[in-house]
Amino acid sequence: MVVARRETRTFACVGNGSAIREGVNTRHVAYSRDLTQARVEQQLRRLCTTGYDLGAMVNRSRDRGLYDAALRYHRSWRAALTAAGVNLANVSRRRPDHFDREAMILWLRDRQAAGQSLIYTEVCLENRDKTMAIRRTFRSWRQALVAAGLAENA
């Protein structure tokens, strides 16, 4: 019993290098979370709407368990993003060309006039580049809607 306690303490207190030396396979430690296919897709949508970089290599090093689970269920990172409802055509790390403050307000008003959703998470999954540019420029989605005169729809 003393040995089991010692191993538990050792594992809980050590980093990956020490865990490997102790004979613990750290790749399988990540599987201890409940990463079902639905949970993986939910996490990917959350990453998208919170503005994290969605690049495969970035996410492989940031959250290896999530990355491995996405590959296990979908065979590729891009397929996992698509299954989560993320529009891959609009996923990049840069501001869209010719998308200044006035263009952003016009884009929001056009969405509202066309009857499209102005709910941040829905818009972000459809067009992440523009949504993130708007949020960075106006400091929040709500302030952008106020600037466009659409605050009552928020």
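Residues numbered from 1 in each chain as written. Predicted model: local features only at pLDDT ≥ 70, side-chain atom pairs only at ≥ 80, totals over all residues. Heavy atoms only, no water.

K.L.:
How do you make sense of the packing of aromatic side chains when you look at a structure like this?
P.N.:
Any two aromatic rings considered together are summarised by their centre-to-centre distance and by the angle between their planes. Scanning all chains against the criterion turns up three aromatic pairs. The interplanar angle of 85° and the centroid separation of 6.2 Å between the aromatic rings of F99 and W107 together place this pair among those described as edge-to-face. On the basis of relative accessible area, F99 is assigned to the buried category, the value being 7%. Geometry around Y73 places R72 over its ring, the cationic atom sitting 5.3 Å from the centre. (Phe/Tyr/Trp six-rings, centres within 6.5 Å; stacked < 30°, edge-to-face > 60°. Buried < 20%, exposed > 50% of the residue type's maximum accessible area, 1.4 Å probe, protein only. Lys NZ or Arg CZ within 6 Å of the ring centre and 35° of its normal.)

K.L.:
Can you help me understand the side chain of S117 in this one?
P.N.:
Tracing the sequence through the fold places S117 in the loop between helix 8 (101-113) and helix 9 (120-126). A polar contact of 2.6 Å, which involves the side chain of S117, links it to the side chain of E122. Non-local contacts of S117, meaning those with residues more than four positions away in its chain, are made with R111, E122 and V123. (Helix = DSSP H or I, 4+ residues; strand = E, 2+ residues; numbered from the N terminus. Polar contact = N/O pair within 3.5 Å; in protein donor to acceptor, adjacent residues only side chain to side chain. Contact = heavy atoms within 4.5 Å.)

K.L.:
Just checking my understanding: could you explain the environment of Y73 for this structure?
P.N.:
Structurally, Y73 can be placed in helix 6 (residues 64-74). Sequence separation of Y73 and A38 is 35 residues, and the distance between their C-alpha atoms is 9.8 Å. With sequence-adjacent residues up to four places away left out, Y73 is seen in contact with L35, T36, Q37 and V40.

K.L.:
Just to check I follow, could you spell out the confidence of the model for the protein for this structure?
P.N.:
Any region with low pLDDT has predicted coordinates that should not be read closely. For the protein, mean pLDDT is 79; residues scoring 70 or higher make up 74% of the total. Scored below 50 in pLDDT, residues 1-15 shows five contacts in the model against residues more than four places distant or in partner chains. (pLDDT = per-residue confidence, 0-100.)

K.L.:
Is there a simple way to think about the pattern of salt bridges in this case?
P.N.:
If the charged atoms of two oppositely charged side chains come close together, the side chains can form a pair. With the rule as written, the count across this model stands at two salt bridges. Taking the shortest distance from any N to any O, the salt bridge between D68 and R64 comes out at 3.1 Å. In this pair, D68 and R64 both sit in helix 6, four residues apart, roughly one turn of the helix. Its relative accessible area of 35% is what places R64 among the partly exposed residues. The partner of R111 in a salt bridge is E126, and the shortest N-O contact between them spans 3.0 Å. Residue R111 is found in helix 8, and its partner E126 is found in helix 9; the two are separated by 15 residues along the sequence. Residue R111 is classed as buried on the basis of its relative accessible area, which comes to 5%. (Salt bridge = Lys/Arg side-chain N within 4 Å of Asp/Glu carboxyl O.)

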